[in-house]
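Structure assessment
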Amino acid sequence: MIALEVKKMKKNFGGVKAVDGLSLKFEKGQITSLIGPNGAGKSTMVNLMTAMYPPDAGKMIVHGVTLEKWKSYNMPTYGVTRTFQDVRLFEQMSVLDNVLVVLTERGVFRSLFETHGELHLKQAEEILKRVDLWKKRDEKAEDLSYGQRKLLEIGRAVAMDADIYFFDEPFAGLFKEMVKTVVSILHELKNNGKTILLIEHNMDLIRELSDHVIVVDAGKFFAEGEASDVLARKDVVEAYLGE
Amino acid sequence: MDYIMHLSVLVGVYAILGLSLNLVVGYSGLLSLAHAAFYGVGAYGSAILMKDFGFSFLSAVVLSVLITMAVGVLIGLVLSKFDGDYYALASLGFSVIAFGVFLNWRDLTNGAFGIFGIPKPEIFGYKFLAGEPYAFLVLLAVIFTFLICYFVVNSSFGRVLKAIREDEKALQVFGYKTTLYKLAVFVISAGLAGFAGTLYGSYISFIDPGGFDDLVSVNLIVVVILGGLASLNGSLLGAAFFVLLPELLRFVGMPDSITGQMRQMIYGLGLIALMMYRPQGILGKFRL
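Okay, so let's go over this structure.

Rules and cut-offs
- Residues numbered from 1 in each chain as written.
- Chains lettered and ligands numbered in written order.
- Predicted model: local features only at pLDDT ≥ 70, side-chain atom pairs only at ≥ 80, totals over all residues.
- Heavy atoms only, no water.
- Contact = heavy atoms within 4.5 Å.
- Buried area = accessible area lost by both parts, 1.4 Å probe.
- Salt bridge = Lys/Arg side-chain N within 4 Å of Asp/Glu carboxyl O.
- Helix = DSSP H or I, 4+ residues; strand = E, 2+ residues; numbered from the N terminus.
- Axes fitted to C-alpha atoms, helices over the stretch in contact; angles between N-to-C directions.
- Parallel < 35°, antiparallel > 145°, perpendicular 65-115°, else oblique.
- Left-handed = near helix turned anticlockwise from the far one by under 90°.
- Nonpolar A, V, L, I, M, F, W, Y, C, P; charged D, E, K, R; others polar.
- Buried < 20%, exposed > 50% of the residue type's maximum accessible area, 1.4 Å probe, protein only.

Looking at the interface of chain B and chain A
Taken together, the 27 residues of chain B in the interface contact 32 residues of chain A. Overall, the association of chain B and chain A removes approximately 2700 Å² of surface from exposure, summing both partners, and the carbon and sulfur fraction of that is 62%. Interface area lost by chain B to chain A is led by B:Arg159, B:Val173 and B:Phe174, which between them contribute 28%. Taken together, the connections running from chain B to chain A amount to two salt bridges. Close ionic contact of A:Arg88 with B:Asp167 constitutes a salt bridge, the shortest N to O distance being 2.8 Å. Of all the secondary structure elements, the ones that give two or more residues to the side of chain B that touches chain A are α6 (132–153), α7 (156–173) and α8 (178–204) of chain B. It is α7(B) that provides the largest number of residues to the side of chain B that touches chain A, a total of 14 residues.

Rendered as structure tokens:
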């Protein structure tokens, strides 16, 4: 069953075709890795799917609903959340507030008179303990190490309790123990039936985690299939992975 | 004693203005230069309602705060489409327009001549004359404003404002229609500035457009940044500093004729020093 489908997505930056008519499908409950060399259009694709940039053309089908136009603030309604390639935390806010802000009421009036404070605090505690940051809950996000910041961003995405997760290079710059934590979070999400799009450069992790791999280059589709097959293809290895 | 009470009233009025502006500038990261417009709408609104239409002080305050909030909605709707430098410039535009209205809508505002003889507040038969009674009234108003601001910034709503300040675009991905939050805090802030205007007009008994020009908006930014961005206590400190500094200059023997200019220079130098060494302000917790 397809959780998310993208059709003929296009995005130009000046004269550069960052995404050039890409069509992709993501199976529900699977981890799909999107790979390709730097500048292939992977992160741009995620930014288009979450309306960080408006696409020049293309549409999305989420849970069977076709979207011709979509806004960032509507993505959680469709069960979609994400992390960013360059970590984007609410830097001068506490670690705890970085998680609480995605747990609490969305309506302006209801957020003024929040009535579920204790519940949200409990949820935030669970998530921060999961990424080993509960003890640092009162520190500002900007004071965390790079790896901790990555973990906090992943925790914030998990707190959204979405159906579809876009993880943009979640392992970049992490220590071994942190990598283990993120791997276990991804397994847990998958076991709970969540759909995951993973952008990653570490081939061992891609082999370990992916159910399906899609290769893109220069904003265009190049290849797809099971990780073991795709990563064994000579043209993929030679042209895009540099191995 | 009257002199101290007079200064207390002015500190109180500026404290309300500083607290309300800090919601927008300090907590939400929106550099608004439109605050003098709301201060003026509140002052003119209550003065006209009391003097020309015979409204009581309390009903004039409530109505002029509502009028100010309605103006805040109109201006906020336009401003919520902007951020960064564009927000500051567009808001300054509204401050200039408001000054033009105060000056040129003579039938309503009496133009450059201003409005004289604004009645003193009378609540349940008690008239708050200048001096201690008025200072007490303003103190109550400051406490009321502080509590409202405290409630706002410590709610989930306040947390969203801070996140808007940090990264509005990223916050939207998590389901927040941020323009609504920016509009809401702007309207709350406008209403409180209007409240300060009603207290000021009734206290001074005379208002004219010069009391609400764009320099006032800039001075209020100084109050907020000096005292501390995203710090309610900082706004109180900033207001005290702003009002009392020229008085201190007078005590050190500086002639009255130059204390005004010296005040502006000292504020300017203080602001430059703060931006260099403590950009969040004296008691502030956040940088712009």
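Examining the packing of helix α1 (residues 2–27) of chain B against α8(B)
Residues and elements named next belong to chain B. Between α1 and α8, whose axes approach to 7 Å, the crossing angle comes to 170°. As far as their axial angle goes, α8 and α1 are roughly antiparallel. When the axes of α1 and α8 are compared, the crossing they make is left-handed. Residue-level contacts link His6, Val9, Leu10, Val13, Ile16, Leu17, Ser20, Leu21, Leu23 and Val24 of α1 to Val185, Phe186, Ile188, Ser189, Leu192, Ala193, Phe195, Ala196, Leu199, Tyr200 and Tyr203 of α8. Its residues assigned to classes, the contact of α1 with α8 comprises 18 nonpolar, three polar and no charged.

Quick notes on the pattern of salt bridges
All chains considered together, the criterion is met by 17 salt bridges over all chains. We note a salt bridge from A:Lys220 to A:Asp20, for which the minimum N-O separation is 3.7 Å. Placement of the pair is A:Lys220 in strand β10 (residues 220–225) and A:Asp20 in strand β2 (residues 16–27), with a sequence separation of 200 residues. Assessed through its relative accessible area of 44%, A:Lys220 is described here as partly exposed. Ionic pairing is found between B:Glu168 and B:Lys182, a salt bridge with its closest N-O pair at 3.2 Å. Taken together, the residues B:Glu168 in helix α7 and B:Lys182 in helix α8 connect sequence positions 14 residues apart. Taking the relative accessible area as the measure of exposure, B:Glu168 reaches 14% and is therefore buried. Classification of B:Lys182 as buried rests on a relative accessible area of 4%.

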